[in-house]
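A look at the structure
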Amino acid sequence: MTVPPLALIPLAAAGVLLAIWRPTAAVLLPLVLHASYLVRSAIPFGAFTLPTTVLELLLGIAVITGLSQWKAISEALRAVPKSVSALVLIFLAAATVSAAVAPHPRTAGGSWKAFVVEPILYAVVLLPFLRTPRGRRSVTEALLLGGMVATISSLIVGSVTPDFGRLRGIYDVPNSLALILAPLTVGAFILATAGEPSTTRRFARLSLALFVPTLLLTQSFGGILSVAFAGIFISWRSSLHRRRPADTSENDQLSRTSRRTVLSVLALVVIAGLGIQLLTGKFSYAVRRDSSLASRLSIWGTSLRLIQDRPFRGTGLGTFEPAYQQKLHEILARSPEFPVREWVVRDP
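Attention here is on the structure that accompanies the text. Within each chain, residue numbers correspond to sequence positions counted from 1 in written order. Restriction of local features to residues with pLDDT of at least 70 applies here, the model being predicted, together with a cutoff of 80 or more for giving and counting side-chain atom pairs; totals for whole chains, interfaces and linings are based on all residues. As a convention, hydrogens and water are excluded, and side-chain values are obtained from all of the structure's heavy atoms.

Looking now at the pairing of strand 1 (residues 40–45). In the sheet, strand 1 pairs with strand 2 (residues 48–53) via six bridges, with the strands oriented antiparallel. Each residue of the ladder has a partner; that of Pro44, found in strand 2, is Thr49. Where strand 1 folds back on strand 2, the antiparallel hairpin that results is connected by two residues, among which Gly46 adopts a positive phi of roughly 65°. Strand pairing follows a simple DSSP-based rule, namely that at least 2 bridges must link the two strands. Where helices and strands are cited, they refer to DSSP runs of H or I of at least four residues and of E of at least two residues respectively, numbered from the N terminus.

Spelled out as structure tokens, the structure:
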């Protein structure tokens, strides 16, 4: 969805008023409205236009609002392990070099801004919240509320794929919806059964009542299996904590009954997910030779050859699709029998 740049003015004004009235809400609002990245616009600057989204507008307000509490942020930054800080700096440096060498500077600059700089700045602003149990609950509840916004919007729109009737809702493909719901479902499972305040547990259970059926309707193998594997891992990790009497941390600890509940519900999710896919025919398609898994294997194989060609510099930010297609032409010139199942691959 694209809106004229003038439509951003009242949104920006409302965001500024919220930042003055409720600074904490302004900082957490991007988590609640993360689906607003789908609302795009372009701000004119003379002969050029700056593409942006409503989410970027909210992130800008959140970062400026959060940086006003610089003392708390600086204390939180000092508490971050040096190894983590070093890895973030290496990632930022690598992304900057990748943007600099890219053949399309505007595309690379947009990717660098949206996928590297903005998330790092927002993470810095959120650090003070993550240092206290109350702050962590606020962040988690904002994420769950954002998942509910995306879920309810997708159910209202009700957009499905023509092949197997997979729910994609407000997104372009069902896997985009599943990519959001899978980690939030795992988090909601844990909050619903762990030693959290009763209001948080009730909110998590309400979230699950929306997330689980919607995730099943996406018919995403990856989404359903990731929820199952994550639940098993967290239950196993919690059982290790219980064997250490000295460890009294209330975080990450589930009672034996709660662990059994989590595992039982996860098993039902997997069974229900596979049952739906058997009914729609998606399961039968997934095991065929021309399935989406075969397409992914072909994409990964071509991508590996790209990495072998440029192991350090890469192809540059925002250039994967043209580089991928050029590599396919080179492969086909040498091996015409090479199976090509996907020509259009937007992102690496």
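Here we take up the environment of Ala79. One can find Ala79 in helix 4 (residues 70–79). C-alpha separation for the pair Ala79 and Leu127, spaced 48 residues apart in sequence, amounts to 9.5 Å.

This part is about helix 8 (residues 174–193). Under the convention used throughout, the expected extent of a helix is 1.5 Å for every residue step, that is, one less than its residue count. Taking 1.5 Å per residue as the helical rise, helix 8 with its 20 residues ought to reach 28 Å, and the 28 Å between its terminal C-alpha atoms agrees with that figure. Judged by how many residues are buried, helix 8 sits mostly within the fold: 15 of 20 residues are covered. Throughout this description, buried means an accessible area under 20% of the type-specific maximum (1.4 Å probe, protein chains only), exposed means over 50%, and partly exposed covers the range between.

With that settled, the discussion passes to the pattern of salt bridges. For this analysis, a salt bridge means a side-chain nitrogen from Lys or Arg found within 4 Å of a carboxyl oxygen belonging to Asp or Glu. Enumeration over the complete set of coordinates arrives at four salt bridges. In this structure, Glu56 and Lys113 form a salt bridge, with 2.6 Å as the shortest nitrogen-oxygen distance. Taken together, the residues span a long stretch of sequence, with Glu56 in helix 3 (residues 54–67) and Lys113 in helix 6 (residues 105–126) at a distance of 57 residues. Note on Glu56: relative accessible area 13%, which makes it buried. When the shortest N-O distance is used, the salt bridge between Lys113 and Glu118 registers 3.9 Å. A relative accessible area of 25% means that Lys113 is categorised as partly exposed. Bridged by salt links that share partners, the residues Glu56, Lys113 and Glu118 form one connected network.

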